[in-house]
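So you can see what is in the structure, the chains are spelled out below.
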Amino acid sequence: MVTYVALLMLLQLGLAPAVATLCSALLFVPWVLKSFMRPWVSRVGRFRQMLHLIEVLLFACLLLLAFSFKQGPLAVFFALLMVSLLCAWHELAARMYYEQMLSPSVQRLLTVPKHVCSQAAVIFTYGALIFLVGTLQVYFRQIRYSWAMGCYVAAGLFLFFTFLHLLTLASPALSPIENEVEKRKATATWHSPTGSAWRGFFFLFLLLLPQALMFHARVLYLYGPHEQGGLECTMQEIGFAQGTVGVIAFSLGIAMGRLLIRRHTLHRLFWPMALCVVLSPFVYLGMTIYPPHSLWMLCCCTMTAQLLFGLGISICRLPVSAISGTRYRNNINMLQIPLVSAAMIVPMALSGWMVEQLGYNSYFLVNALSAPVCLLSIFLLWKETPATFFRM
């Protein structure tokens, strides 16, 4: 919700695109700071009890979010920020509990189900929830009331999982893998970034810059009125094209990318995958030149853009591993979200202001032209980097 749906919430509450994208980007701050929270969560321990507490607080914050629509955009933003903070905390506690209860071999078996469940959650919020809210807006003709009802539905579903976890989560005392937990706790200490880490972060920033500029701008373009150059899609159309078809295409792209990596090395696939990551903005540039006039054409465009992004996203593992070094080699996925969020947050925050200044066609042209510039910069950085820098 805080990643994909919040921007539409703020836009429908009357915020300008520049302010809405800034507020939506700030919701990523808790995920950027998540790695700094890990030592504290590890020291506290009692991950099962912590999960129960966070889930109760999350349920309360979802109710608070539903109530805050009566108070205005500022109250909605702060409620969303609390939800984002609790979600980042919950993800940390859940991962530590998961590592404590299951052996590494079992964890590997559950990698695919975890990915499927996470994408299903995105489809629920970015697809089904938006579709529901859009339908309620047509029926009640009240935007704030419809969003509040949607949040009550989300809170009710979340309460069901909270009760389910209360009944099913086993006690960590039953786990035979305590030595593995201690080893992971020992790796959670903070070290100052080295020169290689800063270079890896700059590499990651360049790699994700075209996507970061497009992340919020694509929603602005779909939602924007015709007189401003947007497509003026309904909430149902956005939920179906972006939140359902787009998310499914993104998941298929990730699966295809991982399959290719297993057959070939990531180093051999680096440039094809990097090209896939930066090609998505060209799809939206084409949409501003030849706007889709039907829902199926819109779905084809969003599917292509998301499939390309999913196909190439695995390339982020190279700079992430370069930043983390050998200390975080086993839990690289935990670092990937904070690092990717940190690399994308500034371009995402500025994208709304840039759209207001340039217009959609010129903005996506600049966005598309940033792709070859970033690829050239990555190539030069790659040439100047020692051969062992991006070794997996």
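Predicted model, so just to flag it, every value in this text is computed and none were measured.

Let us look at unusual backbone geometry. Here arginine 141, not a glycine, exhibits a phi torsion of approximately 60°, which is positive. Looking at the element boundaries, arginine 141 is found in the loop between helix H8 (111-140) and helix H9 (143-168). Of the residues examined, arginine 141 reaches a relative accessible area of 69% and is grouped as exposed. Of note in the backbone geometry, glutamate 232 takes a positive phi value of approximately 55° without being a glycine. Assignment of secondary structure puts glutamate 232 in the loop between helix H11 (195-223) and helix H12 (235-263).

So, on to the nonpolar core. Met9, Leu65, Phe69, Leu208 and Phe364 are the most contacted members of the largest nonpolar core, which has 114 residues in total. Counting residues per element, this core draws most heavily on H11, at 16 residues. Ignoring sequence-local partners within four residues, the contact set of phenylalanine 364 consists of Met214, Ala217, Arg218, Tyr221, Tyr284, Leu285 and Thr288.

Another point: the confidence of the model for the protein chain. Counting all residues, the mean pLDDT for the protein chain is 83, and 88% of those residues have values of 70 or more. Helix H10 (residues 178-186) is the least confidently modelled element of the protein chain, averaging 46 in pLDDT, while helix H2 (residues 17-26) averages 94, the highest of any element. Scored below 50 in pLDDT, residues 174-192 makes 22 contacts in the model with residues more than four places away or belonging to other chains. Across residues 327-332 the pLDDT falls below 50, and counting only partners more than four positions away or on other chains, this stretch makes 14 contacts in the model.

Below, the discussion takes up the environment of valine 366. Summarising the element assignment, valine 366 is placed in helix H17 (residues 360-384). Once the C-alpha coordinates of valine 366 and leucine 213 are considered, the two residues, 153 residues apart in sequence, prove to be 9.5 Å apart.

Attention shifts here to the packing of H8 against H12. The packing of two helices is summarised by the inter-axis angle and the distance between the axes. It is at 7 Å that the axes of H8 and H12 come closest, and there the two elements cross at 170°. Here H8 is positioned roughly antiparallel relative to H12, judged by the angle of their axes. Split into classes, the residues belonging to the contact of H8 with H12 amount to twelve nonpolar, 13 polar and one charged.

Here is what the cut-offs are and how they apply
- Residues numbered from 1 in each chain as written.
- Predicted model: local features only at pLDDT ≥ 70, side-chain atom pairs only at ≥ 80, totals over all residues.
- Heavy atoms only, no water.
- Helix = DSSP H or I, 4+ residues; strand = E, 2+ residues; numbered from the N terminus.
- Buried < 20%, exposed > 50% of the residue type's maximum accessible area, 1.4 Å probe, protein only.
- Core = buried A, V, L, I, M, F, W, Y, C linked by side-chain atoms within 4.5 Å.
- Contact = heavy atoms within 4.5 Å.
- pLDDT = per-residue confidence, 0-100.
- Axes fitted to C-alpha atoms, helices over the stretch in contact; angles between N-to-C directions.
- Parallel < 35°, antiparallel > 145°, perpendicular 65-115°, else oblique.
- Nonpolar A, V, L, I, M, F, W, Y, C, P; charged D, E, K, R; others polar.

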